[in-house]
Amino acid sequence: MSLKNDILIELLKSDDYISGQQLAVKFGKSRAAVWKAVNNLIRDGYEIDAVTNRGYRLTDNNDKISARKIKTNLSQQIDVFYYPSVDSTNNCCKRMIADGKQGAFLVTADRQTQGRGRQGKSFYSPALTGVYFSLVIRPHSSLQNAVTATTAAAVAVCRAVERMTDKKPKIKWVNDVYLDGKKICGILTEAITNFEEGTVESVIIGIGINIRTENFPDDVEDAGCLGAGISRSRLIAEVTNELINIAVGDYGSFIDYYRSHSLVIGQKIKFIQNGRITPATAVAIDKTGGLEVELENGGHTVLRSGEISIRKI
């Protein structure tokens, strides 16, 4: 990791000023190198107070995530864990479950160094411009498998965005949230199973939303951002509230919303299944979130999460 990123993580961790000398000693660099790195952060858009004899501090305008702020806005009290930086919030949840963590809980981070998407893809997760969090749901809820949880997460994100902004996001089957033709949110749901008993012990719902992220790596296609001035802590809480409400309610109560926000119904598409590309027309979303398609020969089939990838022609 570069000195610039190292310093950013230290500033995210602290609510007080950190002297240039402290940073220089911690990272084995010169004061001049620290000063240069801080100025690079400022050029990148971070607002940093620099005060003589005190040091550097991120201003409140950077909208730092706070576990306390998230918990204040949650409808139910669950444990919330915040980290300035993690490899992936889903991975962090897995480690905590392996270490014996019980019950529902939420993990969020300002930055992911190895953010993960579906089918082995990465999810670009820079600090301060998006939200990256994972909610662990236990199997007594209606979201006890990855299929229903993924569908619910897309609905939760859209509902929260509509409540907090004037934006009208849409869902690209099965789990990507789009705005104005650009992907602003990715969802990765993973089930933790007990192999001896053949049961699901917990479901991890990972969500990444680009709020102000604009400069994406060259290999990231069709990415965009929400472009709204909203509190990141509150957005995390609002999405979590929606997911919890769905988890304790009726799955069927939100499937109509999912259908009404679909980007693909009526569209010519092609899907990849078992290495074969097949053209089709998206016809409908069934009651469990599957995509019903009409093949060119007139036949119909239903596509399920985890089996295919789908692209507009």
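Residues numbered from 1 in each chain as written. Predicted model: local features only at pLDDT ≥ 70, side-chain atom pairs only at ≥ 80, totals over all residues. Heavy atoms only, no water.

Undergrad: Just checking my understanding: could you explain the overall build of the chain for this structure?
TA: Along its length, the chain carries eight helices and 14 strands. Its C-alpha radius of gyration of 21 Å places the chain within 12% of the 20 Å reference for a compact globule of 313 residues. The burial tally for the chain puts 51% of its 313 residues in the buried class. By sequence separation, contacts in the chain at least 24 residues apart represent 63% of the contacts at least 6 residues apart. (Helix = DSSP H or I, 4+ residues; strand = E, 2+ residues; numbered from the N terminus. Rg over C-alpha atoms; globule rule 2.2 N^0.38 Å. Buried < 20%, exposed > 50% of the residue type's maximum accessible area, 1.4 Å probe, protein only. Contact = heavy atoms within 4.5 Å.)

Undergrad: Please clarify how helix α1 (residues 3-13) should be interpreted in this entry.
TA: What sets the pattern is the α-helix's 3.6 residues per turn: residues three or four places apart point alike. With eight of its eleven residues buried, α1 lies for the most part within the structure. Among the residues of α1, L3, D6, I7, L8, I9, E10, L11 and L12 are the ones counted as buried. Buried-residue contacts for α1 involve α2 (20-27), α3 (31-43), β1 (48-51), β2 (55-58) and β3 (79-83).

Undergrad: Honestly, the nonpolar core in this entry has me stumped. Any pointers?
TA: Generally speaking, soluble globular proteins have nonpolar side chains that are buried together. If you look at the biggest cluster of nonpolar residues, it comprises 59 residues, and the most contacted ones within it are W173, I207, L235, V239, Y258 and L291. It is helix α6 (residues 146-164) that provides the largest number of residues to this core, a total of eleven residues. Among all residues touching V239, those that are not within four sequence positions of it are F133, A156, V157, A160, I207 and I209. (Core = buried A, V, L, I, M, F, W, Y, C linked by side-chain atoms within 4.5 Å.)

Undergrad: So what exactly am I meant to see when it comes to the environment of P84 here?
TA: Structurally, P84 can be placed in the loop between β3 and α5 (89-98). With 78 residues separating them along the chain, P84 and D6 place their C-alpha atoms 11 Å apart. Setting aside residues up to four positions removed in sequence, P84 forms contacts with I9, L12, K13, D110 and R111.

Undergrad: Is there a simple way to think about the pattern of salt bridges in this case?
TA: The final tally for this structure, using the stated rule, is 14 salt bridges. In this structure, the salt-bridge partner of K13 is E10, at a minimum N-O distance of 3.2 Å. Of this pair, K13 and E10 both sit in helix α1, three residues apart, which is roughly one turn of that helix. A salt bridge links R232 to D63, with the shortest nitrogen-to-oxygen separation between them at 3.7 Å. On the criterion of sequence distance, the pair formed by R232 in helix α7 (residues 232-247) and D63 in the loop between β2 and α4 (67-72) is long-range, its members being 169 residues apart. When its relative accessible area of 15% is taken as the criterion, D63 is described as buried. (Salt bridge = Lys/Arg side-chain N within 4 Å of Asp/Glu carboxyl O.)

Undergrad: I would appreciate a short explanation of a negative patch on the surface in the present structure.
TA: Together, D218, D219, E221 and D222 give the surface a local cluster of negative charge. On the secondary structure map, D222 appears in the loop between β9 (199-210) and α7. (Patch = residues over 30% accessible without salt bridge, like charges linked within 9 Å, V, L, I, M, F, W, Y side chains within 5 Å. Areas by Shrake-Rupley, 256 points an atom, 1.4 Å probe, with all protein chains shown as cover. Lys, Arg positive; Asp, Glu negative; His and termini not counted. Charge placed at Lys NZ, Arg CZ, Asp CG, Glu CD.)

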